[in-house]
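If you want the building blocks of each chain, they are given just below.
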There are 2 protein chains.
Amino acid sequence: MNMNFKEIIALAQDVIDKCGFLYSPNNLYEPIDYAMRMGGKRLRPSLLLLAADMYGAPLQDVKDVAIAVELYHNFTLLHDDLMDQSLVRRGKTTVYRKWNSNTAVLSGDAMFALSVKQLVSAHVANKDRVLEVFSRVALEVCEGQQLDMDFEQRDMVLMEEYKEMIRLKTAVLLVGALEMGAFCGNAPAEDVELLQAIGTHLGYAFQMQDDLLDVYGNFDKFGKRQGQDIVDRKKTYMLLKAAEMLPEKDGRALSDMYSSHVLSDDVRVERIMGLYDKLNLRSVVESDIDSCLVQILPQVDKLHASAEGKTALSEFITSMRHREV
Amino acid sequence: MNMNFKEIIALAQDVIDKCGFLYSPNNLYEPIDYAMRMGGKRLRPSLLLLAADMYGAPLQDVKDVAIAVELYHNFTLLHDDLMDQSLVRRGKTTVYRKWNSNTAVLSGDAMFALSVKQLVSAHVANKDRVLEVFSRVALEVCEGQQLDMDFEQRDMVLMEEYKEMIRLKTAVLLVGALEMGAFCGNAPAEDVELLQAIGTHLGYAFQMQDDLLDVYGNFDKFGKRQGQDIVDRKKTYMLLKAAEMLPEKDGRALSDMYSSHVLSDDVRVERIMGLYDKLNLRSVVESDIDSCLVQILPQVDKLHASAEGKTALSEFITSMRHREV
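Note that the structure is predicted; figures quoted are calculated from it, not measured.

Below, the discussion takes up the overall build of chain A. A count of helical and extended segments in chain A gives 16 helices and 2 strands. Relative to the 2.2 N^0.38 estimate, which gives 20 Å for 325 residues, the radius of gyration of chain A is 20 Å and therefore close to what a compact globule would have. Summarising its shape, the C-alpha atoms of chain A cover approximately 55 × 50 × 30 Å along the three principal directions. Long-range pairs, those at least 24 residues apart, make up 75% of the contacts in chain A with a sequence separation of at least 6. Of the roughly 12,900 Å² of accessible surface on chain A, a fraction of 49% belongs to carbon and sulfur atoms. The averaged location of the 49 negative side-chain charges in chain A is 3 Å from the averaged location of its 37 positive side-chain charges.

Let us look at the relation of the copies chain A and chain B. Placing chain A over chain B gives an RMSD of 0.0 Å and needs a rotation angle of 180 degrees, together with 0.0 Å of translation along the axis. Expressed as an axis order, the relation between the two copies is that of a two-fold axis. Mapped onto chain B, 100% of the interface residues of chain A are again interface residues, and the two copies thus contact each other with one and the same surface.

So, about the environment of Phe21 of chain A. All names here are of chain A. Looking at where Phe21 falls in the secondary structure, it is placed in the loop between α1 (5-17) and α2 (26-36). Of the residues examined, Phe21 reaches a relative accessible area of 5% and is grouped as buried. With 93 residues separating them along the chain, Phe21 and Leu114 place their C-alpha atoms 9.7 Å apart. Dropping the residues within four chain positions of it, Phe21 is found in contact with Tyr29, Ile32, Asp33, Met36, Leu71 and Leu114.

Moving on: the packing of aromatic side chains. Applying the stated rule across the entire model yields 15 aromatic pairs over all chains. Geometrically, the ring pair formed by Tyr23 of chain B and Tyr29 of chain B is edge-to-face, given 5.3 Å between the ring centres and 90 degrees between the ring planes. Looking at Tyr23 of chain B, the relative accessible area reads 46%, which means it is partly exposed. Assessed through its relative accessible area of 1%, Tyr29 of chain B is described here as buried. Grouped by ring-pair contacts, the aromatic residues Tyr72, Phe75, Phe112 and Phe134 of chain A together with Tyr72, Phe75, Phe112 and Phe134 of chain B constitute a single cluster. Above the plane of the ring of Tyr204 of chain A lies Lys163 of chain A, whose end atom (NZ or CZ) is 5.4 Å from the centre. The ring of Trp99 of chain B has Lys98 of chain B sitting right over it, with the charged end atom 5.5 Å from the ring centre.

A word on unusual backbone geometry. Where the residue is not glycine, phi is negative for most of them; where a peptide bond is considered, it is trans in most cases. Omega for the bond connecting Ser24 of chain A with Pro25 of chain A falls within 30 degrees of zero, at 5 degrees, which places this linkage in the cis form. Considering the arrangement of structural elements, one finds Pro25 of chain A in the loop between α1 and α2. Positive phi is not limited to glycine here, since Arg90 of chain B has a value of about 50 degrees. As for its position among the elements, Arg90 of chain B is in the loop between β1 (88-89) and β2 (92-93). Positive phi is not limited to glycine here, since Asn280 of chain B has a value of about 55 degrees. Secondary-structure assignment places Asn280 of chain B in the loop between α14 (265-278) and α15 (281-302). The exposure class of Asn280 of chain B is partly exposed, given its relative accessible area of 47%.

Accessible area lost upon the coming together of the parts serves often as the stated size of an interface. Chain A puts 33 residues into the contact, and the matching count from chain B is 33 residues. When chain A packs against chain B, the two sides together hide about 3,100 Å² of surface, and 74% of this comes from carbon and sulfur. Applying the counting criterion to the chain A and chain B interface returns 0 salt bridges. Secondary-structure elements contributing two or more residues to the side of chain A that touches chain B are α2, α4 (59-84), α6 (101-120) and α7 (127-152) of chain A. By residue class, the composition of the side of chain A that touches chain B is 20 nonpolar, 7 polar and 6 charged.

So, on to the nonpolar core. Among the nonpolar cores identified, the biggest contains 250 residues, and Tyr276 and Leu313 of chain A together with Tyr276 and Leu313 of chain B are the most heavily contacted of them. Setting aside chain neighbours within four positions, we find Leu313 of chain B in contact with Leu47, Leu50, Met54, Leu178, Leu195, Val300 and Leu303 of chain B.

This part takes up helix α4 (residues 59-84) of chain B. For α4 of chain B, which comprises 26 residues, the first-to-last C-alpha distance of 36 Å matches the rise-based estimate of 38 Å (1.5 Å per residue) to within 8%. Within two residues after α4 of chain B, Gln85 of chain B carries a phi angle of roughly 55 degrees, on the positive side.

Rules behind the numbers
The residue count restarts for each chain, going from 1 along the sequence in the order it is written. Numbering of ligands from 1 and lettering of chains from A proceed in the order in which they are written. Two thresholds apply to this predicted model, a pLDDT of at least 70 for residue-level local features and 80 or more for giving and counting side-chain atom pairs, whereas whole-chain, interface and lining totals are computed over all residues. Water and hydrogen atoms play no part in the side-chain values, which are based on all heavy atoms of the structure. Labels follow the DSSP assignment, with helices taken as runs of H or I lasting at least four residues and strands as runs of E lasting at least two, numbered in each case from the N terminus. A radius of gyration in this sense is built from C-alpha atoms; the matching globule rule multiplies 2.2 Å by the number of residues raised to 0.38. Pairs of residues are marked as contacts when any of their non-hydrogen atoms sit within 4.5 Å. Per-residue and other accessible areas follow the Shrake-Rupley method at a 1.4 Å probe size, with only the shown protein chains counted as cover for residues. By the counting rule applied here, Lys and Arg register as positive and Asp and Glu as negative, while His and the ends of each chain are not counted. For the purpose of locating charges, the reference atoms are NZ of Lys, CZ of Arg, CG of Asp and CD of Glu. Residues reaching a pLDDT of at least 70 in both copies supply the C-alpha atoms on which the copies are superposed by least squares. Whether a residue is buried, partly exposed or exposed follows from its accessible area with a 1.4 Å probe, protein chains only, as a fraction of its type maximum: under 20%, in between, or over 50%, in that order. Two rings belonging to Phe, Tyr or Trp (six-membered ring only in the last case) form a pair when the distance between their centres is within 6.5 Å. Interplanar angles under 30 degrees mark stacking, angles over 60 mark edge-to-face geometry, and anything in between is tilted. Either the NZ atom of lysine or the CZ atom of arginine qualifies as a charge over a ring when it sits within 6 Å of the ring centre and within 35 degrees of the ring normal. Values labelled buried area give the accessible surface lost by two parts on being combined, using a 1.4 Å probe and summing over both. A pair is scored as a salt bridge if a Lys or Arg side-chain nitrogen falls within 4 Å of a carboxyl oxygen belonging to Asp or Glu. For this classification, Asp, Glu, Lys and Arg are treated as charged, while Ala, Val, Leu, Ile, Met, Phe, Trp, Tyr, Cys and Pro are nonpolar and the rest, including Gly, are polar. To form a nonpolar core, buried Ala, Val, Leu, Ile, Met, Phe, Trp, Tyr and Cys residues must be joined to one another through side-chain atoms within 4.5 Å. Take the residue count of a helix, subtract one, and multiply by 1.5 Å to get its expected span.

Below, the structure written as structure tokens:
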């Protein structure tokens, strides 16, 4: 039916909002219901529904796949918050903090199981392909999270290693959402390939912006402290770009300071943000994100989908540039 | 080809032993490989291969499903050990203890994802039914684990509640293994129903015996302390049976002692085991297990499978009665 991008986002929100998970035993399902109601952009179900709609798939059936993907994504957040000991997400207390570690482990596991069950029971075209994509992506996201944790322990990582990490941690699920939607709509093979390239670039841009917002975001909406990635010693695009821009000696000094366990977190955040400011890193990274997004639009144009569908996808991609959270 | 039960067990062992999981990133996969090499009875893949073989399914293909089920089962053990803070399993250091909590969380998640991927890529008959069983069971096992943890916090649970807990925590995966194997072999619907009943009883018997072995097992082989369930305040068949056998007042005293946070663990284990001994609980429970297993054999006889296949299943069930670990 080719909805515009705002209608797709509203549909994704509505589909997730209408889900209830308060089954028995209550101690297992209440945290799942809570996690699914914490809000969020519903980016992955939106991309999935958008791709499916572009190829005329019946969204009434596809929405079960969209729910599965959002369940899976929120399961990863729930376990990431536990592993990172994050207290707040989207302005709300994290599950591990509101309940306890064991609840985060087990309710997270059950969310993953729910997502598989939800997907297996969906009635969509090319179900085997959809399952193949989902199961491959589900594993790759774990690999990406492991690299992210590995990198926290290292003094410095290369830009290439960072890219591989965010490809796995972030991009593959966006790609997977587009692919699954496309398969549900019987999209031609060339289009699936184009969507893989589109999703990958979108994933890079999305993560670069996440990294940017950690330092220059709107912290009322963001619900976490400014520079949390610096506190956690996460290897971000901000850090790697700054290191690239500095003379080698200064780059090494930056990574020493970033990894330091001698300086307090507040001092580290202040000094590193001061350096980012001096390098005018905000606009440098914004322009990197823009060039990444600009590369996507000609790919969208090549898709064998309706003009309205392609417009919806292009507008969706462009709209992401202006997100504050 | 109708193998006998010892051949099936040897095949299941061999199939799992030949799996390697040392992919990259190493920090994610090394604990998975370790967990899969910790040993174990390979009960679930054995049941699955046995059921498949009974109906003439090609085991070369079915073994991918068997590996998926064993991966899933070992994922649950890995997370259970983390939640229970267990130091040792099968005489070896648990993953959470050998590495750390985050490794246990993430490598466990990846094991679950691997099991889904392994299953999705298997080439077997009735794949949709196999996936349906797997995804339902994967969620139910989480529900069972939640009930088990809930019960630790309660002073007393009813025998019926205990049965529902072990049905979910233990029986459904044994049932699922039999069902999946049967679907791979195009078993008739009546046989699938019979196998559900067989697996459920087997699950009860298996868990009752687990509970028994916690007190009266061979602790050299068992690799954990005698009475660990008592230490953990797990509601076991031993406890509930003892409470049933005692006059109401004494039963209440037992549950008070079981839940006590005043007495030391050693004193609690000693007193409760003394009471079990006085009630001659070992032989009472052994006879309960026997009557549970005896109920299964006539059901096996009703299956529309080869005589050799039914003999293999009967002998397999009988052999479980004599396990020490």
